[in-house]
Amino acid sequence: MDQYALLFASMLNAGTVLAIAALGLLINEKSGIVNLGAEGMMLCAAIAGFAAVVHTGSDWLGFLAGMGAGALLAAAFGLLVIWMNTNQYATGLALSLFGAGFSAFAGIKYVQEKLPERPHFSLPLLGDIPVLGPALFRQHPMVYLAIGLVVWLVWFLYRSRAGLVLRSVGESPEAAHALGYPVRRIRLMAVVAGGALCGLAGAYISVIYTPLWVEGMVAGKGWIALALTTFATWRPARVLLGAYLFGGVTMLQFHLQGTGVEVPSEFLNMLPYLATIVVLALISRNPAWIRVNMPASLGKPFYPGT
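Since this is a predicted model, take the numbers as computed values, not measurements.

*Asks:* I would appreciate a short explanation of the pattern of salt bridges in the present structure.
*Replies:* Proximity of charged atoms lets side chains of opposite charge pair with each other. Per the stated rule, a full pass over the model turns up one salt bridge. D59 is the salt-bridge partner of R118, the closest N and O atoms lying 2.8 Å from each other. Of this pair, R118 sits in the loop between α4 (88-106) and α5 (132-136) while D59 sits in helix α3 (residues 59-83); the two residues are 59 residues apart in sequence, bridging distant segments of the chain. Using a relative accessible area of 10% as the deciding quantity, one classes D59 as buried.

Laid out in structure tokens, this is it:
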């Protein structure tokens, strides 16, 4: 039972990375913007957060540095696609490639660096409960913050006026513009907020999830987070469930290797990505269902003068 408790705890830890990044991309897409640069933003945020912790010793300053790096790159992306009307897909791919190259260059001297000893977290009393304690109540605070973020985002999108405006911009920017809303500024704010969350996820990887810096350490999690928004049909609660599902698949490979299952390690390593492809293929069998839930103006440029 202790082994399963630890497996469940590691699933929550791995899923948190995907959940935070996917929620950021969800905010982007609710405003009508597709950002394929999540992988690059997370890599730059990972090295920014790791470097900040190396020099300051504070995990929270590392998280802030990661959020700042993600927001800065997202702002550059937003200016290009929203004001200069560049192609969203090509610009996002360019951002992903730039982030991979820049993070590798900036992180050369941090490859051998080590972070201070990681603190252990446990909720008073709850952390001592057999099985449930190790599984649920000895997590880093960021795990609980991710769950709280989902609750807040559900309220924001479906119960607040600002969330209604954001969704209207993603559904019909022309109508929102006709009502006097600054569509471009709203989209830029959504892109920057989404970039900050992707940055937070990237910093979490290098500071908490695997406290070290290695080139390319995000290892496709940005692309999985992007797929999660479609898998969840643009609903925050489903994003969280999907993130834990993919986190469980990721951790399952290590559990199987640890128990001595005779399966090639290369096959186990590809399980998360195979699961992503299978899920997207199953969802794509019903395109009408996707169109009903997808923001109507997703990926479409907006020209205020027309």
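*Asks:* Looking at this model, I keep getting lost on the packing of aromatic side chains. Mind explaining?
*Replies:* Remark: the centre distance and the inter-plane angle together describe each pair of aromatic rings, the angle taken between the planes. All told, the structure shown has five aromatic pairs when counted by the stated rule. With a centroid separation of 5.2 Å and 75° between ring planes, the pair formed by W60 and F63 is classed as edge-to-face. Here F63 and W60 lie together in helix α3, a separation of three residues that amounts to about one turn. By relative accessible area, W60 is classed as partly exposed at 46%.

*Asks:* How should a nonpolar patch on the surface be read in this particular structure?
*Replies:* Judged by side-chain polarity, F267, M270, Y273, L274, V278 and L282 come together as a nonpolar surface patch covering roughly 510 Å² of accessible area. With four residues, helix α13 (residues 271-283) is the largest single contributor of residues to the nonpolar patch. Locating Y273 in the fold gives a position in helix α13.

*Asks:* Before we go on, may I ask you to explain helix α7 (residues 161-171) in this structure?
*Replies:* Given 3.6 residues per helical turn, the α-helix brings residues three or four places apart onto the same face. When we look at burial in α7, the residues that qualify are G163, V165, L166, V169 and G170. Buried positions in α7, seen along its axis, are confined to an arc of 160° and lie on one side of it. The N-terminus of α7 is capped by S160, whose side-chain oxygen sits 3.1 Å from the backbone nitrogen of G163.

*Asks:* Would you mind going over the nonpolar core with me for this structure?
*Replies:* Note on soluble globular proteins: their nonpolar side chains tend to be buried together. Core analysis: the largest hydrophobic core is formed by 83 residues, its most contacted members being M42, F63, Y204 and W213. A total of 15 residues in this core trace back to one element, the largest contributor, which is helix α9 (residues 183-209). Y204 has contacts with N13, T16, V17, F63, H140, M142, V143 and Y209, leaving out every residue within four places of it along the chain.

*Asks:* Looking at this model, I keep getting lost on the packing of α7 against α9. Mind explaining?
*Replies:* The relative placement of two packed helices is expressed as an angle between their axes plus a distance between the axes. Axis separation between α7 and α9 bottoms out at 10 Å; the angle between their running directions is 105°. The angle between α7 and α9 falls in the class roughly perpendicular. Across from V165, L166 and V169 in α7, the residues of α9 making contact are V183, I186, R187 and A190.

Quick notes on the rules
Residue numbers here run from 1 along each chain, matching the order of that chain's written sequence. With pLDDT at 70 or above as the cut-off, local features in this predicted model cover only qualifying residues; side-chain atom pairs require 80 or more to be listed or tallied, and sums for whole chains, interfaces and linings still use all residues. The side-chain values count all of the structure's non-hydrogen atoms but skip hydrogen atoms and water molecules. Within this document, salt bridges are pairs made up of a side-chain nitrogen of Lys or Arg and a carboxyl oxygen of Asp or Glu, the two lying within 4 Å of each other. Secondary structure elements follow DSSP: runs of H or I no shorter than four residues count as helices, runs of E no shorter than two count as strands, and numbering proceeds from the N terminus. Under the scheme applied here, a residue whose accessible area is under 20% of the maximum for its type counts as buried, over 50% as exposed, and between as partly exposed, the area being computed with a 1.4 Å probe on protein chains only. Planes of paired rings set the category: under 30 degrees apart is stacked, over 60 is edge-to-face and the rest tilted, where pairs are Phe, Tyr or Trp rings (Trp by its six-membered ring) whose centres lie within 6.5 Å. For patch detection, residues must exceed 30% relative accessible area and be free of salt bridges, and they are connected within 9 Å for like charges or within 5 Å for nonpolar side chains (Val, Leu, Ile, Met, Phe, Trp, Tyr). Using a 1.4 Å probe, accessible areas were evaluated by the Shrake-Rupley method; residue-level cover was limited to the displayed protein chains. By construction, the arc corresponds to the directions joining the helix axis to the C-beta atoms. Counted as a polar contact is a pair of N or O atoms within 3.5 Å, where, for protein atoms, one must be capable of donating a hydrogen and the other of accepting one, and residues adjacent in sequence contribute only when both atoms are in side chains. Put simply, buried Ala, Val, Leu, Ile, Met, Phe, Trp, Tyr and Cys residues joined by side-chain atoms within 4.5 Å make one nonpolar core. Any two residues having at least one pair of non-hydrogen atoms within 4.5 Å are treated as being in contact. Helix axes use the C-alpha atoms of the stretch in contact, all axes being lines fitted to C-alpha atoms, and the angles between their N-to-C directions lie in the range 0 to 180 degrees. An angle below 35 degrees is read as roughly parallel, one above 145 as roughly antiparallel, one from 65 to 115 as roughly perpendicular, and any other as oblique.

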